[in-house]
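# Commentary on secondary and tertiary structure
The residues making up each chain are set out below.
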Amino acid sequence: MSSKRRPTTPDFSAQPMTIEIGPAHPATHGIVRFTAQLDGEVVAAMETEIGYLHRGFEKEAENSTYIQIIPYTDRLNYVSPLINNVGYSMAVEKLFDIEVPRRAEFARVIMSEVSRITDHLTCNGATAMEVGAMTVFLYFIKAREYLWEVVEEVTGARLTTNWTRIGGNANDLPDGFLEMLRERLLKVSDVLDEGEKLVLKNKIFIDRMKDVGILSKERALEYAFTGPLLRAAGVPYDLRREDSYSVYDEMDFEIPVGTVGDCYDRFLVRQEEMKQSISIIRQAMDKLPPGDFMNRDRRVFYPDKAKVYGNIEGLIDHFKIVMEGPKPPPGESYTAVEGGNGEVGFYLVSDGSGKPVKCRVRPPCLNYVQAVPEMTIGHYVADIVPIFGSINMIGGELER
Amino acid sequence: MPPLTALIKKDFPKLYLDSHAQHGDETVSIKRAGMLELFLFLKDDPRCKFDMMIDLTAVDYLPRSPRFEMVYHFKSSPLHHRLRVKIPLEESACQVDSIEPLWVAADWYERECWEMYGIDFQGHPNLKFLLRYEGFQGHPLRKDYDKLLMQPLVPMRPVAERHDYGEVFQYVQEPPPSVPEQEPS
């Protein structure tokens, strides 16, 4: 297996040329600026500049109650918002030491996996489009739409879901949901096969993706890669197995790993992960237990309307939760979930008041974008596009 | 006492300050002077093997002294354990040693922490703005920075000579693996 990289020399034979790619360039997906120095057509040096989408999530979170932060987490990785919701809620539940009912856990697993599929569909579809396979993009976006209709059915919104709560979910899975999801999964599974038939044996696609953007296992670990990129480099690291949070230990699934760590491996790993997610969803739907969707602990649960209007205790509980927010005991917690892109971690520090002292998000993308120059140098300038496509940079999560 | 905490307390009695394992997260607080020694130990010792620097951030506890606290999260992929290391920092001496030479992932995290909290990372090769822009005043994540504060307009800057590629990553072609000649059987 030979890499397509060329050795570069700092003293160029030809006059070096500096080109700017981005910030608003179709291939940069979000808003990122690359400044590349070219030796002929080969990238010899590269610098990445980010910060165009920084919204001050952490500052805003420090001035909001624990419940008010949940909608902000939708806007982190906005193609798989439900996983962020789940991760954040788990971090707060850890602070409170609150149990989540089993039915709510299964519902969270189902919705997280639906989100993972939408995330990977977006990434793989866009990557395929950028190397010329427009049809795959259209098919995958169609499949993503099938799933977003499911998400809309449950949460009321396609992207800005705001679905989990501290100690459970906002609502139960609606009637007829399981039948709808089963039917949609069959359709999505067909689309995945269709897309694979179109590209995986296509010479143009393979030429553009294979041996491009290799990052070795050792370097990937040093860059603290997580998620599909680390697995593509050959490390079977998946938090669903490592930490087996929620009810993932009851699910039977495999962790696909790549061999080389190039763009082609990343595509295949994501493709296989979607199939595994479909299998997880089917298992979770079969095992879905009856029960409540929310822990009715009065520290976090909005009391029923009848109680709010009917007795003084209910009214006070409601007022306290709305005005001051739930108050976890002082302490700190770090919780990580396997997001669409890798380890999405939430580090919370509480001083016993209704607002966190610190609400930190560990963004998986930051490590990937940081490593883009190292993956790109030595490749042709056109290879920036598949390399950057394969890391699935999501601006909202990268810059928070 | 959890095993890693006990190990650090035994091997680094001069650095060790405090520890807890709240909610199951193993946490050790250490002193700043000589911190790199401990981090090197965490990375290389066969009982620790923390090969992944997962997260790095700071927390501002304003009225309290020491005011800041650096928080590092580590994960070991071969041994599957996690550790949180905290370093309290006084406002008058808010600087720590950069761990970028040990874990390259810390590069951007330290840049972010530097611009958001004004904590200086000594030995960092390329300490410049990551999410903020040149001309931004103050450190936005400090507790005494007002959320509604307006920033002054910055003048237009020339595009040229803005870039410093730093240490250019050199790709050296590896020699093809030599295939041992097989004796015809």
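See the structure above.
I will try to describe carefully the structure that is included in this document. The residue count restarts for each chain, going from 1 along the sequence in the order it is written. To read the labels, note that chains go from A and ligands from 1, taken in the order they are written. For a predicted model such as this one, the threshold for reporting local features is a pLDDT of at least 70, and the threshold for listing and counting side-chain atom pairs is 80 or more; totals across whole chains, interfaces and linings nevertheless cover every residue. Hydrogens and waters are ignored; side-chain quantities use all the structure's heavy atoms.

Turning next to helix α6 (residues 177–199) of chain A. Residues and elements named next belong to chain A. Put simply, DSSP marks the helices as runs of H or I at least four residues long and the strands as runs of E at least two long, and each gets a number from the N terminus on. Helices are assigned an expected span. That span is 1.5 Å times one less than the residue count. Compared with an ideal rise of 1.5 Å per residue, which puts 23 residues at 33 Å, α6 spans 33 Å between its outermost C-alpha atoms and is within 8% of the ideal. Within α6, the full set of buried residues consists of Phe177, Met180, Leu181, Arg184, Leu185, Val188, Val191, Leu192, Gly195, Glu196 and Val199. In the core, the buried residues of α6 are packed alongside α4 (102–130), α5 (134–155), α7 (203–209) and α11 (263–287). Type-normalised accessible area, obtained with a 1.4 Å probe on protein chains alone, sets the label of each residue: buried when under 20%, exposed when over 50%, and partly exposed for intermediate values. Two residues qualify as a contact provided that any one of their heavy atoms is within 4.5 Å of a heavy atom in the partner residue.

Further remarks concern the packing of α6(A) against α11(A). Residues and elements named next belong to chain A. Axes, fitted as lines to C-alpha atoms, cover a helix only where it is in contact. Angles between the N-to-C directions of the axes lie from 0 to 180 degrees. With their axes 11 Å apart at the nearest point, α6 and α11 run at an angle of 160° to one another. Classed by the angle they form, the pair α6 and α11 counts as roughly antiparallel. Seen along the crossing, α6 lies across α11 with a hand that is left-handed. Touching Leu178, Leu181, Arg182, Leu185, Leu186, Val188, Ser189, Leu192, Asp193, Glu196 and Val199 of α6 are Phe267, Gln271, Met274, Lys275, Ile278, Ile281, Arg282, Met285 and Asp286, all from α11. Amino acids are sorted into nonpolar (Ala, Val, Leu, Ile, Met, Phe, Trp, Tyr, Cys and Pro), charged (Asp, Glu, Lys and Arg) and polar (every other residue, Gly among them). Looking at side-chain class alone, the contact of α6 with α11 contains 12 nonpolar, two polar and six charged residues. Working definition: roughly parallel below 35 degrees, roughly antiparallel above 145 degrees, roughly perpendicular at 65 to 115 degrees, and oblique for all remaining angles. Crossings are classed by handedness, with left-handed meaning an anticlockwise turn of the near helix from the far one by less than a right angle and right-handed meaning a clockwise turn.

Such a bond, covalent and formed between the sulfur atoms of two cysteines, is termed a disulfide. Residues and elements named next belong to chain A. For the purposes of this analysis, a disulfide is any pair of cysteine sulfur atoms at a distance within 2.5 Å. Scanning the entire structure with this criterion turns up zero disulfides over all chains. No disulfide involves cysteine 263; its sulfur sits 9.8 Å from that of cysteine 123, the nearest cysteine. Given a relative accessible area of 0%, cysteine 263 falls into the buried group.

So, about the sheet that holds strand β3 (residues 52–60) of chain B. All names here are of chain B. Here a strand pair is declared whenever DSSP counts at least two bridges between the two strands. An order of β1-β2-β5-β4-β3 is seen for the five strands of this open sheet, with the pairing classed as mixed. Of all strands in the sheet, those with a lone pairing partner are β1 (16–20) and β3, marking the two edges. On average, each strand axis in the sheet is inclined to that of its neighbour by 20°, with strand direction left out of account. Taken together, the four bridges between β1 and strand β2 (residues 27–30) define a ladder with antiparallel strand orientation. Bridging from a neighbouring strand, aspartate 18 pairs with serine 29 of β2. Along the sheet, helix α2 (residues 35–44) contacts β2, β4 (68–75) and β5 (82–89); its crossing angle with β5, the most-contacted strand, is approximately 175°.

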